[in-house]
Amino acid sequence: MVCGLPLYEYDHILDWAAIHQHDPNQITLLCDQHHREKTSGLLPIADVREANAAPANRKTGVSAPYSLHYQGDSCEAVMGSNRASASTQGDFVALMVDGFPLIGFRFEDGHYLLNICLFDEANQLVLRIADNELTYATHPWDLEMVGRRLIIRSALAQVFIDIRFEPPNLVYFDRGRLLFNGVEIIIRPEFFFLVNTSSLFQGNSCVGSVVAFNIGSDPRNLSCAFRFPGIPRYGVDRAAILRSARNKLSAENAGGLG
């Protein structure tokens with residue numbers, strides 16, 4: 001509430017020792033530093049109440065930046081059961097749409113730095129990681145970051161994206177939807193599904209290419225493992241495609257396509 005960092009702890013505005021109850025109106029979110037400052041009396045309760053009424057992120061529309069610790073001369077992104085990796089070969093993109101890198105790594109001074117841009121259906125930026133620096137927008141319904149796992153929900157019980165960070169060189173996309181310019185990708189632990197073309201990918205390993213999955217137009221014609229240059233966009237019958245996909249998969253493997 002005070003600084004807007006995405007890593008936070010729950011805090012009783014009035015100390016638990018004094019009230020002995022969990023009143024939601026008396027619970028706020030503080031980063032570790034501000035939590036310790038409040039506990040020690042360095043951060044006045046009046047300041048906490050003021051921040052609780054007008055959280056830092058609500059004022060700016062985005063979170064404060066948080067630095068992730070990605071480094072080293074190799075990198076890997078796992079999307080469902082598909083792995084895309086690179087080693088000392090320069091910039092690497094795991095997923096590109098219309099020439100825009102959604103998931104990738106930038107190689108600088110012998111180290112790979114994580115870069116991710118996630119959008120909603122209206123092409124509004126939801127989450128951005130620029131050279132390891134993470135920020136998120138405040139318009140999604142809910143964002144939860146526990147340990148190395150980040151979950152963004154678009155509504156109650158509706159996971160928009162579920163990411164696991166494994167520094168120094170690995171990131172997992174376990175579940176969710178990737179959206180950009182009318183392209184939709186559904187990810188489950190077992191697969192990566194391109195809705196526009198009803199293409200299902202399971203257990204692939206992409207090594208050595210500049211781009212792993214290259215979807216849509218690419219003026220630079222970068223080398224890639226999988227290319228989809230001309231795909232249908234907003235006019236596709238999403239419901240019909242998903243019904244067809246369910247028929248291709250066993251009920252266990254489908255994992256709730258939708």
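Okay, so let's go over this structure. (Residues numbered from 1 in each chain as written. Predicted model: local features only at pLDDT ≥ 70, side-chain atom pairs only at ≥ 80, totals over all residues. Heavy atoms only, no water.)

Points about the packing of aromatic side chains
Here the structure, examined in full by the defined rule, presents 13 aromatic pairs. Plain terms: the ring middles of Phe105 and Tyr112 are 6.3 Å apart, the flat faces sit at 85° to each other, and that makes the pair edge-to-face. The same class applies to Phe105 and to Tyr112, which are both buried. Counting every residue linked through ring pairs, the aromatic cluster contains Phe192, Phe201, Phe213, Phe226 and Phe228. Stacked on the ring of Tyr172, the Lys or Arg Arg164 has its end atom at 4.0 Å from the ring centre. (Phe/Tyr/Trp six-rings, centres within 6.5 Å; stacked < 30°, edge-to-face > 60°. Buried < 20%, exposed > 50% of the residue type's maximum accessible area, 1.4 Å probe, protein only. Lys NZ or Arg CZ within 6 Å of the ring centre and 35° of its normal.)

Some details on the nonpolar core
In this structure, Leu95, Ile103, Phe165 and Val171 are the most contacted members of the largest nonpolar core, which totals 50 residues. A total of six residues in this core trace back to one element, the largest contributor, which is strand β8 (residues 111-119). Ignoring sequence-local partners within four residues, the contact set of Val171 consists of Tyr70, Glu76, Ala77, Val78, Phe105, Leu114, Ile116, Ile163, Arg164 and Phe165. By size, the runner-up hydrophobic cluster in this structure holds seven residues, among which are Phe193, Ile241, Leu242 and Ala245. (Core = buried A, V, L, I, M, F, W, Y, C linked by side-chain atoms within 4.5 Å. Helix = DSSP H or I, 4+ residues; strand = E, 2+ residues; numbered from the N terminus. Contact = heavy atoms within 4.5 Å.)

Some words on the pairing of strand β7 (residues 100-108)
Here strand β6 (residues 92-97) runs beside β7; their pairing, made up of five bridges, is antiparallel. Note on β7: the bridge partner recorded for Leu95 is Ile103. The antiparallel hairpin formed by β6 and β7 contains two residues in its connecting segment, where Asp98 sits at a positive phi of about 55°. Looking at chain direction, β7 and β8 are connected through six bridges and run antiparallel. Directly across from Ile103, in β8, lies its bridge partner Ile116. Connecting β7 to the antiparallel partner β8 that follows it, the hairpin turn spans two residues, and Asp109 within it adopts a positive phi of roughly 50°. (Pairing = 2+ DSSP bridges.)

Let's talk about the environment of Gly104
One can find Gly104 in strand β7. On a C-alpha basis, the gap between Gly104 and Glu9 in space is 30 Å, while along the polypeptide they are 95 residues apart. Residues in contact with Gly104, not counting those within four places in the same chain, are Phe92, Val93, Ala94, Leu113, Leu114 and Asn115.

What to know about the environment of Ile163
Tracing the backbone through its elements, the reader meets Ile163 in strand β13 (residues 158-166). On a C-alpha basis, the gap between Ile163 and Met79 in space is 9.6 Å, while along the polypeptide they are 84 residues apart. Those residues in contact with Ile163 that lie beyond four places of it in its chain are Leu118, Leu127, Arg148, Arg149, Leu150, Val171, Tyr172 and Phe173.

Some remarks on helix α5 (residues 238-248)
One turn of the α-helix equals 3.6 residues, which is why residues spaced by three or four share an orientation. Among all positions of α5, only Ile241, Leu242 and Ala245 are buried. Projected down its long axis, α5 shows its buried positions confined to an angular sector of 95°, all on one face. For α5, the elements touching its buried residues are β15 (183-188) and β16 (191-194). (Arc of directions from axis to C-beta.)

Side note on the side chain of Asp120
Locating Asp120 in the fold gives a position in the loop between β8 and β9 (125-130). Here Asp120 occupies a buried position and makes no salt bridge, while the nearest side chain of opposite charge, Arg177, is found at 9.5 Å. Only 2.8 Å separates the side chain of Asp120 from the backbone nitrogen of Gln124, close enough to count as a polar contact. Excluding residues that lie within four positions of it along the chain, Asp120 makes contacts with Val126, His139, Phe160 and Leu179. (Lys, Arg positive; Asp, Glu negative; His and termini not counted. Salt bridge = Lys/Arg side-chain N within 4 Å of Asp/Glu carboxyl O. Polar contact = N/O pair within 3.5 Å; in protein donor to acceptor, adjacent residues only side chain to side chain.)

A look at the pairing of strand β4 (residues 74-79)
Of all six residues in β4, five are buried; the element is thus mostly enclosed. Relative to strand β5 (residues 82-87), β4 is paired through six bridges, and the arrangement is antiparallel. What sits directly across from Met79, in β5, is Asn82. Two successive antiparallel strands, β4 and β5, enclose a turn made up of two residues, where Gly80 displays a positive phi of approximately 65°. Of the pairings in the sheet, the one linking β4 to strand β14 (residues 170-180) comprises four bridges and is parallel in character. The residue bridging Ala77 from the neighbouring strand is Val171, located in β14.

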